[in-house]
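# Understanding the architecture of this molecule
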Amino acid sequence: MRKINDYSKSHAEFLRAERVIPSGIYGHQGPAEGCYVPVEAFPLFSSRAKGSYLWDLDGNRLIDYMCAYGPNILGYHDPDVDAAAAKQRAISDCTTLPNTVMIDFAELLVETVATADWAFFAKNGNDVTTLAVMVARAFTHRKKIVFFKGYYHGVSPWTQKIDYAGVIEEDVMHNIYVDWNDFDALERVFAENRGEIAAVIGQPYMHGNFADNALPAKDFWQKVRRLCTAESSVLIVDDVRAGFRLDLAGSDHYFGFEADLICFCKALANGYNVSALCGKDFLKNTVSSMSYTGSYWLSAVPFAAGIACIEKMKRINCPRLLNEKGTKLKEGLIAAAESFGFDLHVTGAPSLFYLRIADDPSLRLHQEWIAECVKRGIFFTNHHNHFINASLSDEDIRETVEVAAEVFEVLRARHPKG
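Description of the structure in this document. Within each chain, residue numbers correspond to sequence positions counted from 1 in written order. Residue-level local features of this predicted model are given only where pLDDT is at least 70; pairs of side-chain atoms are given and counted only at 80 or more, and the full residue set underlies all totals for whole chains, interfaces and linings. Just so you know, side-chain values use all the structure's heavy atoms and leave hydrogens and water out.

### Re the overall build of the protein
The helix and strand tally for the protein stands at 13 helices and 14 strands. Each radius of gyration reported is based on C-alpha atoms, and the globular scaling rule is 2.2 Å times the count of residues to the power 0.38. For a compact globule of 418 residues, the expected C-alpha radius of gyration is about 22 Å, and the protein comes in at 22 Å, within 12% of that figure. The principal-axis extents of the C-alpha atoms in the protein amount to approximately 60 × 55 × 45 Å. Buried residues are those whose accessible area, probed at 1.4 Å on protein chains only, stays under 20% of the maximum for their type, while exposed residues exceed 50% and partly exposed ones sit between those limits. Within the protein, the fraction of its 418 residues that count as buried is 57%. Residues count as neighbours in contact if any of their non-hydrogen atoms are within 4.5 Å of one another. Summarising the internal contacts of the protein: among those between residues at least 6 apart in sequence, 74% fall at separations of at least 24. To measure how exposed things are, a 1.4 Å probe is used in the Shrake-Rupley method; for residues, cover is taken only from the protein chains shown. When the accessible area of the protein is evaluated, it comes to approximately 17900 Å², of which 53% is carbon and sulfur surface. A positive count includes Lys and Arg, and a negative count includes Asp and Glu. His and the chain ends are not counted in either. Taken as the charge location is NZ of Lys, CZ of Arg, CG of Asp or CD of Glu. Considering the protein, the positive charge centre built from 43 side chains and the negative charge centre built from 53 side chains are found 1 Å apart. Labels follow the DSSP assignment, with helices taken as runs of H or I lasting at least four residues and strands as runs of E lasting at least two, numbered in each case from the N terminus.

### A look at the packing of aromatic side chains
Geometry of an aromatic ring pair is reported as the spacing of the ring centres plus the angle between the planes. By convention, a stacked pair of Phe, Tyr or Trp rings (six-membered ring in the case of Trp) has centres within 6.5 Å and planes under 30 degrees apart, an edge-to-face pair has planes over 60 apart, and any other such pair is tilted. A full pass over the atoms with the stated rule returns 29 aromatic pairs. Among the aromatic residues, those joined into a ring-pair cluster are Tyr65, Phe342, Phe353, Trp369, Phe380 and Phe408.

### Comments concerning the layout of surface pockets
Here a cavity denotes a set of grid points, spaced 1 Å apart and computed over the protein atoms alone, in which a 1.4 Å probe fits but from which it cannot get out, and a pocket denotes an open set meeting protein on both sides within 12 Å along at least five of seven lines; residues with an atom within 4 Å of a point are reported as lining. Grid points are joined across faces, edges and corners, and a volume is the space filled by probe spheres set on the points. If you add up the space inside the second largest pocket, you get close to 270 Å³. Every residue along the wall of the second largest pocket is listed here: Met102, Trp118, Ala119, Phe120, Phe121, Lys284, Val287, Ser288, Tyr292, Thr293, Trp297 and Leu298. The element best represented in the lining of the second largest pocket is strand E4 (residues 118-122), accounting for four residues. When the residues that make up the lining of the second largest pocket are grouped by side-chain class, the tally is nine nonpolar, two polar and one charged. Under the grouping applied here, Gly and all other residues not named as nonpolar or charged are polar, the nonpolar ones being Ala, Val, Leu, Ile, Met, Phe, Trp, Tyr, Cys and Pro and the charged ones Asp, Glu, Lys and Arg.

### Side note on unusual backbone geometry
Where the residue is not glycine, phi is negative for most of them; where a peptide bond is considered, it is trans in most cases. Omega for the bond connecting Val37 with Pro38 falls within 30 degrees of zero, at -5°, which places this linkage in the cis form. Assignment of secondary structure puts Pro38 in the loop between helix H1 (8-20) and strand E1 (46-50). For His77, which is not glycine, the phi dihedral falls at a positive 55°. Here His77 is to be found in the loop between strand E3 (61-64) and helix H2 (79-89).

### What about the packing of helix H11 (residues 318-339) against helix H13 (residues 394-414)?
Axis definition: a line fit to C-alpha positions, over the contact stretch in the case of helices; interaxial angles, taken between N-to-C directions, run 0 to 180 degrees. One can describe the packing of H11 onto H13 by two numbers: an axis separation of 9 Å at closest approach and a directional angle of 20°. Considered as vectors, H11 and H13 are oriented roughly parallel to each other. H13 is crossed by H11, and the crossing has right-handed handedness. Facing Lys325, Lys328, Leu329, Gly332, Leu333, Ala336 and Ala337 of H11, the residues of H13 in contact are Asp394, Ile397, Thr400, Val401, Ala404, Ala405 and Phe408. Within the contact of H11 with H13, the residues separate by chemical class into nine nonpolar, two polar and three charged. Each angle receives one of four descriptions, namely roughly parallel if under 35 degrees, roughly antiparallel if over 145, roughly perpendicular if within 65 to 115, and oblique otherwise. Left-handed describes a crossing whose near helix is turned anticlockwise from the far helix by less than a right angle; the clockwise case is right-handed.

### Digging into the sheet that holds E3
Taken in spatial order, the four strands line up as E1-E2-E3-E13 in an open sheet, and their pairing is mixed. Each end of this open sheet is capped by a strand with a single partner; those strands are E1 and strand E13 (378-379). Sheet contacts for H13: strand E2 (53-56), E3 and E13; angle to E3, the most-contacted strand, approximately 100°. Between any two strands, at least two bridges found by DSSP are needed for them to pair.

### Details of the packing of H2 against helix H10 (residues 300-316)
Closest axis-to-axis distance for the H2/H10 pair is 8 Å, and the angle between their directions is 150°. Taken together, H2 and H10 sit at an angle that is classed as roughly antiparallel. In terms of crossing hand, the pair formed by H2 and H10 is right-handed. Between H2, through Asp80, Val81, Ala84, Ala85, Gln88 and Arg89, and H10, the contact on the second element is made entirely by Ala300, Val301, Ala304, Ala305, Ala308, Cys309, Lys312 and Arg315.

### So, the side chain of Thr115
Mapped onto the elements of the fold, Thr115 is located in the loop between helix H3 (101-112) and E4. Two N or O atoms count as a polar contact when they lie within 3.5 Å, although within protein this holds only if one can serve as hydrogen donor and the other as acceptor, and sequence-adjacent residues are included solely when both atoms are side-chain atoms. A polar atom in the side chain of Thr115 sits 2.3 Å from the backbone oxygen of Ala259.

### Let's talk about the sheet that holds strand E14 (residues 386-387)
The three strands are arranged E11-E12-E14 in an open sheet whose pairing can be described as antiparallel. Every interior strand has two partners, whereas the edge strands, strand E11 (344-349) and E14, have only one. Alignment of E11 against strand E12 (residues 352-357), held across six bridges, turns out to be antiparallel. In the sheet register, His345 faces E12, and the bridge partner there is Arg356. In the packing of H11 onto the sheet, the strands contacted are E11 and E12, and the crossing angle to E11 comes to about 165°.

### Here we look at helix H6 (residues 183-192)
Taken together, the buried positions of H6 are Phe183, Ala185, Leu186, Val189 and Phe190. For H6, the angular spread of buried residues about the axis comes to 160°, placing them on one side. Looking at the buried positions of H6, the neighbouring elements they touch are strand E5 (144-148), strand E6 (175-178), strand E7 (197-202) and helix H7 (220-230). Relevant arc is that of directions from the helix axis to the C-beta atoms, nothing else.

### What about the state of the cysteines?
Here, the term disulfide refers to a pair of cysteine sulfur atoms separated by no more than 2.5 Å. Taken as a whole, this structure holds zero disulfides when the rule is applied. The thiol of Cys263 is not disulfide-bonded; the next cysteine sulfur, from Cys278, is found 9.0 Å away. On the basis of relative accessibility, which here comes to 0%, the residue Cys263 falls in the buried class. Unpaired in this structure, Cys318 has its nearest cysteine sulfur neighbour in Cys309, at a distance of 7.5 Å.

### Concerning the nonpolar core
Only buried Ala, Val, Leu, Ile, Met, Phe, Trp, Tyr and Cys residues count toward a nonpolar core, and they belong to the same one when joined by side-chain atoms within 4.5 Å. In terms of nonpolar packing, the biggest core is built from 106 residues, with Leu109 and Trp369 touching the most fellow members. A per-element tally of this core places H10 first, with ten residues. With residues up to four places along the chain from it excluded, the contact list for Trp369 reads Leu344, Leu355, Ile357, Phe380, Ala404, Val407, Phe408 and Leu411.

### Quick word on a nonpolar patch on the surface
A surface patch of nonpolar side chains, amounting to about 340 Å² of accessible area, comprises Val20, Ile21 and Tyr26. Position of Ile21 relative to the elements: it lies in the loop between H1 and E1. Note on patches: the residues involved have over 30% relative accessible area and no salt bridge, like charges join within 9 Å, and the nonpolar side chains Val, Leu, Ile, Met, Phe, Trp and Tyr join within 5 Å. We define a salt bridge as a side-chain nitrogen of Lys or Arg found within 4 Å of a carboxyl oxygen belonging to Asp or Glu.

Here it is as C-alpha cells:
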C-alpha cells in the first residue's frame, strides 16, 4: 500500500489566504467550487512543477492530469518554450508599441489553423469567446445566440444562467438553448427565429461536467455548417479547451468542417498567458471596427512562447502523441476498474478525457475513488475533463494505473456489495 499524502502546510496556508482573498482560492480551482470533495483529500497550493509533475507545499509529488486546467500541453517548464520566452523577455515584453513577434505569431496561426485568415490576441478564453459573440452580432446586426446545453464558454454574464449571482435577465434574454447532437431541434429554433440568430456557438464535442462526454453524431457538424450558411448566421467553435489536442489545424478540421470563428487559449503557449480568436476573411473588417483591448494583450513574451509551442507541437506531432498516451491510460484504467467489478467510463477524446464511475448515480463512489487516488499521488479531480501532456511517460501511466487499481481494491473492501 502506498503512503497517504499529508497536506498540513497546504491547508494552513489556505486559512491564511481566506482572510485576504475571497474564498481563499477563487474560481474553479478553489475548494468552494465542488471539484475537491472531500476537501481534506486534496492539496491546495503548489511549490513547483516540472514535466508531468506537480509538488505541493508538503513536498508530495503528484502526477498531474489537470495540467493547470489545460495550458500544460508539452510539460511544465518545457525547455524550448521557456527559452523562447526568456530570449524575448531580454528584449521587450509589455511596451507602448507592440513587438513584431506579434505578426510572426499571427502568421504562424494563419498557416496552421485551417479556418484562420487572421488572428486577434487577448489573454483568456473568456476574452475571445466574448469577442466572437460580439463580432457575430456586429456583422449580422442580430441579437440571438444558440448554445448547446451543457456548454461552458467562460464567465461573462452572457455565458451564465439567470439564477447565477450577479446575472440579470437582460444579460441572457437573447440566449437560446438546444440539446447537443439534436439537429432537428436546431432546425426548429432557426425556423422559429427566422432572420434573428446571430450565431451558433459550440465546443467541438460536448465536454461538460457531471456527465459522460459526447462526440458529435455522424454529419452533425456538417449539417450545422450548412444551416448557418443558409441562414447567414456565424458559426463559432470554442476550441479553448480542446484546441491542438485533437488537430493542430483546429478541432473543426478534425471533425471535417470549417467554423467562421474559432477560439483558442489554454494549450496555445504552454502556460504563457495568451489567447487568440481566428476567423474567416469576411469577418476581418468587423473585428477591425470594434473597440476591444486590454492592458497586457500585446505583451511580446507570450507571443514568442506561443510560436515555440506550436512549432514544437508540429515537430512531435502532438495530437497523435497525446492520443496514443491517452488511449494507453484509458485502457489501463478501465481494466483496473473491471478487475474489481467497477464500471469506469472514460469518455471524450483520449487526450481530453472525462472519468465517471457509473455504479453509483449519486457520484459519491466516484468522488471517493478520486480522493483516494489524489491522496496517493495521482492528481485527478471529481467533475472536470482531464488532460494528457506530451511529457507524460509510460512509467507515469503505469504508476497511475497501479494506484487506480489499489484504490479500486480499497473501495471494493469498503463496499463489498457494490
